[in-house]
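Residue-level listing of the chains:
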Amino acid sequence: MHNVFAGLAQGLLYSLLALSLVIIWQSTHVLNFAQGAMAMFATYVGMTEIEHGVNYWWCVIISVTVGVLFGGLAERVLIRPLYGKPEINAIVVMVGFLGLIEAFVAGIWTGVTRNIPPPFSQIFFQAHGQVILLSPFVIFQFVLAISIMLIAAAIFRFTKLGLQLRASALAPEVARLLGVRVSRMLTIGWMFSAGVGAVAAVIIASGNFGLYPTNMNGIFVAGFIAAVVGGLDSPLGAIAGGLLIGLTEQFILSYWSANFASLGGIIILVLALMIRPQGIFTKNVERRV
Amino acid sequence: MIRIENLSVNYGAVRALRDVSLEASPGRVTAVLGANGAGKTTLLRTISGLVKPKSGSIVFGEHSLIGLATENIARLGVAHVPEGRGVIGELTVEENLRLGALASKVNISEGLEAQYAQFPALGDRRKKYCATLSGGERQMLAMARALIAQPEVLLLDEPSLGLAPQVTSELMKSILRLCESKNLTVILVEQNAKSALRIAHTAVVLYLGTVVASDDAHKVANDEDLRRYYLGLVQ
Amino acid sequence: MDWIRSLRSQDTTHSRFLVVLSLTVLVLLITIFLPPVADSQLAEGAAIAIVILGLSWLIGWSGQISLGNSGFMAVGAYAASIWAQHHATTPLVFTFFLAIVMGSLSGLIIAIPSTRLKGPYLAGMTLAFSAAISPIAQNFTSVTGGENGQFLNELATPKWFLHLFHGQNAAINANAQWSCDIAIVVAGVAFFFMANLFHSRTGRAMRLIRDNDVAAELVGINLTLTRSVAFMIAAGFAGLGGALYTILNATVNPSTFPLTLSITLLTLMVLGGIGTLSGAVIGGIIYSFSSNLVDHINALTGVNPDSNLGANMQGIIFGALLILTMLFAPRGIAGLWGPLRRLKKPHRRLVTNQEVK
């Protein structure tokens, strides 16, 4: 039963990444294959500062800030020229970006795994002599991930900015007629999404896996599957999908073999496709003109 | 005041507008009439900056609108209610209205109250999602959303589309009322020439992208040739 | 390069055969004059060119994007090596055939859930597959040899060929030349097959599906079936390329065909030119000499090839190249001359220019 915590904690990371993918998808209809890599880059810039004696929390702030700026930069430089072109172009460009970032990071910082000591203990609690897969760090993980999701939801729902972001995604032309600076909103959407992804990367880097150039690949694939299964147009679905995959993986890990845990996501994907064989989310989003 | 001179717009090889000139003054309704494909919608979209013209000029007060971004044109006080109304179904009535006010300097709560006073039906439905509204309610919402920013210019693209005759008649009356009370410059694109001509002061008739008539509304309304050949109005 | 273009426009299989044959012979002749090192590089390039051809077919002709071709290569490679270990006396042709079949089968397995998916969903699905190959290869140790992989016997050069070489390094030169010749011939066969495919009913059906799937259905084309066939063909080509690659290197392990290879394949395909035969050839050639290219750039920019940065230069260069090519020259090198094949838009576009500018 206590395995559930571990599964949910991991699942929350997938949910965060899935959420970031959904934000980008809703605003610009791009599936950002470099999302994980961009977040990883941000954590390299920020979290490695801990080796120079910088306080952990400052590192987190630096990482998220770098991530946000990087996201905005990516939208302006790479995606902006591709509006109006076939979808495939953006996919290919982001795949190239993914390769570039990973190679660059490995080149500058080496591929050696770095451990970032978090401010909370990673030692599991014990209850009645049994080990519960819960530690102060895992609790931190829960708190951070859930807070970010709630903050994101609040911004979208209740603020002027959120309204403009939503309108720019739903009906860009109408939004422009109402004076909304849609192109700026698209950039902000990417920055937002990158920030959310960076939080996931910070957690991963601080955890057991540590910081290495491909540490976000698994999270990306799972987050992608969660977003697709949960619905690229539905943030809640994406979050639910992430949790589901996390729980499935934990299940496989506990009752079968750790080696195959990473197949959890694929299993969910295939199951989802079997249940909805017409393909996931073939619903056409009608854009209001 | 909006002054358009010799406006030409191409869609690829197709000449959508050819040397179109017109003047629209404050406190008056200028109707733009003609059959489908005459270029009426293109004209409005060019004024709003969604379409870039090949040549010609569009002047609003002291601003030249050509080359400006759409959102900046909107912020100057040009409100455009597009074809189909552009009501965002996934948002609530109130959210749509707020959106309209965001880009202006208007105090949002005051603006909302003013529109709810003007359109009580909207006030009753303020938390409803717009996908559930009827055609007439959507039209009301689109108008309120355009007006909340207190624009100087109102561009209306076929507001009567899909509405019952009774509703259309009420709609036209309120357009005229608003035009006169707020001294708006209204450019009204309509395929329903009859109802448009009832409230218009000036009428411009387009045919395949060119202006075939531009005169006082009642003269256009009574011209037999215009009625038969360009306006689809049989005596 | 006109030769290659005329290859595509030849109406009959016969003339296509002649053109491919003469080109293959030409390349074989050229390799005789190249040093053994260059021959081995070209041989690998030929294997990669085969894979690129399959990918180019899939993306350029049937409009389905796949990031999983390194996985199909792995399937073909493992199939070939496992078979060769237990049945060392089988003719090479059979081994290749087996690799193609296994590759195609895995392509079918992936195609079943995937062919109804569009654009990004499909890409992600293939990405997931590609990511799954490594754990599977690592864990079914008894079959795949786990982490260490498989080791094959070196490709045996026949005696009559050895006799053609004299001098000090006769054996080495002979082996290198033989491997290279095998690779070129296999590539030639593959290209011939693909050239015919371009002009067949299947090829035309692919293009129709890419450009207008609604029209295709109206004409009676079974979308799912045709898309699956496209996948299988591409996977078969990748399997062949993977097997050839493995035979040339005499080894395969879980890290031989990583995800980054899928990205490299994509880059080479785009650089060469999507959907074209000459594009695949160009891509293969670039691959052959990519290490030379990287060394050159390292020298130009003063990067130490032994440093971390130096070791990752290839990844950096290829990533940057893919981005730049996609942004500025999406038709690749092959698209810079000759009649441009119009890649019509089959799927939704991004937010249009108008809506953003």
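On a predicted model such as this, the values are computed, not experimentally measured, just so you know.

**Q** Would you mind showing me how to read the overall build of chain A here?
**A** Within chain A, the regular secondary structure consists of 11 helices and 2 strands. Element order for chain A, N to C, with α for helix and β for strand: α-α-α-α-β-β-α-α-α-α-α-α-α. The C-alpha atoms of chain A give a radius of gyration of 19 Å, which matches the 19 Å a tight globule of 289 residues would have. Each principal axis of the C-alpha atoms in chain A carries an extent, and together these give about 65 × 50 × 35 Å. Counting every position in chain A, which comprises 289 residues, the buried fraction comes to 57%. A fraction of 70% describes how many contacts in chain A between residues 6 or more apart in sequence connect residues 24 or more apart.

**Q** Sorry if this is basic, but what is going on with the interface of chain A and chain C here?
**A** For interface size, the figure often reported is the accessible area lost on association. Contact residues are listed per partner, giving 53 residues for chain A and 45 residues for chain C. At 19 residues, helix H4 (residues 87–109) of chain A tops the list of elements feeding residues into the side of chain A that touches chain C. Grouping the amino acids of the side of chain A that touches chain C by side-chain chemistry returns 34 nonpolar, 15 polar and 4 charged.

**Q** Explain the confidence of the model for chain B here, please?
**A** One rule of thumb: low pLDDT means the predicted coordinates there are not for detailed reading. All names here are of chain B. On average, residues of chain B score 90 in pLDDT, and 99% of them reach the 70 mark or higher. Per-element averaging of pLDDT across chain B places helix H10 (residues 224–230) at the bottom with 81 and strand E7 (residues 153–157) at the top with 95. Across the assembled chains, the prediction reports ipTM 0.92 with pTM 0.83.

**Q** What is the right way to read the sheet that holds strand E1 (residues 2–11) of chain B from this model?
**A** As a general point, the strands of a sheet are linked pairwise by backbone hydrogen bonds and lie either parallel or antiparallel. Residue and element names in this part refer to chain B. With antiparallel pairing, 4 strands are arranged side by side in an open sheet as E2-E1-E4-E5. In this open sheet, the two strands that pair with only one neighbour each are strand E2 (14–24) and strand E5 (63–64). Summarising the sheet, strand E4 (residues 55–60) and E5 pair through 2 bridges and their orientation is antiparallel. If you follow Val59 over to E5, its bridge partner there is Ser64. Contacting E1, E2 and E4, helix H1 (residues 40–47) runs over the sheet at an angle of about 70 degrees to E2.

**Q** Can you walk me through the environment of Gly264(A) in this structure?
**A** All names here are of chain A. The topology assignment puts Gly264 in helix H11 (residues 264–275). Under the C-beta neighbour-count criterion, Gly264 is labelled buried, with 25 such atoms within 10 Å. Remark: the alpha-carbon pair of Gly264 and Gly246, spanning 18 residues in sequence, is separated by 7.9 Å. Those residues in contact with Gly264, other than ones at most four positions away along the chain, are Ile245, Thr248, Glu249 and Ile252.

**Q** What's the story with the domain arrangement of chain B in this structure? I'm lost.
**A** Residue and element names in this part refer to chain B. Taken domain by domain, chain B comprises domain 1 (2–77 + 152–230) and domain 2 (87–150). Averaged C-alpha coordinates put domain 1 and domain 2 at centres separated by 24 Å. If you look at the interface, domain 1 gives 9 residues, while domain 2 gives 6 residues. Those elements that place two or more of their residues in the side of domain 1 that touches domain 2 are helix H2 (70–75) and helix H7 (165–181). Ranked by the residues each element gives to the side of domain 1 that touches domain 2, the list is headed by H7, at 3 residues. Of the residues belonging to the side of domain 1 that touches domain 2, the class tally is 7 nonpolar, 1 polar and 1 charged.

**Q** Sorry, what's going on with the packing of helix H15 (residues 290–301) of chain C against helix H16 (residues 308–328) of chain C here?
**A** Each pair of packed helices can be summarised by the angle the axes make with each other and by the distance between the axes. Residues and elements named next belong to chain C. At a minimum axis separation of 10 Å, H15 and H16 run at an interaxial angle of 110 degrees. One element, H15, and the other, H16, form an angle in the roughly perpendicular class. When the axes of H15 and H16 are compared, the crossing they make is right-handed. Between H15 and H16, the contacting residues are Ser290, Val294, Ile297 and Asn298 on the first element and Gly310, Met313, Gln314 and Ile317 on the second. Broken down by class, the residue content of the contact of H15 with H16 amounts to 4 nonpolar, 4 polar and no charged.

**Q** Help me out: how do you make sense of the packing of helix H9 (residues 170–199) of chain C against helix H12 (residues 223–249) of chain C in this one?
**A** Residue and element names in this part refer to chain C. Between H9 and H12, the shortest axis-to-axis distance is 11 Å and the interhelical angle comes to 175 degrees. Classed by the angle they form, the pair H9 and H12 counts as roughly antiparallel. Packed against H9, whose contacting residues are Ser179, Ala183, Val186 and Ala190, the element H12 presents Phe237, Leu240, Leu244 and Leu248 at the interface.

Thresholds applied
Residues numbered from 1 in each chain as written. Chains lettered and ligands numbered in written order. Predicted model: local features only at pLDDT ≥ 70, side-chain atom pairs only at ≥ 80, totals over all residues. Helix = DSSP H or I, 4+ residues; strand = E, 2+ residues; numbered from the N terminus. Rg over C-alpha atoms; globule rule 2.2 N^0.38 Å. Buried ≥ 20, exposed ≤ 12 C-beta atoms within 10 Å, placed from the backbone. Contact = placed C-beta atoms within 7 Å. Nonpolar A, V, L, I, M, F, W, Y, C, P; charged D, E, K, R; others polar. pLDDT = per-residue confidence, 0-100. Pairing = 2+ DSSP bridges. Axes fitted to C-alpha atoms, helices over the stretch in contact; angles between N-to-C directions. Domains from an automatic or database assignment. Parallel < 35°, antiparallel > 145°, perpendicular 65-115°, else oblique. Left-handed = near helix turned anticlockwise from the far one by under 90°.

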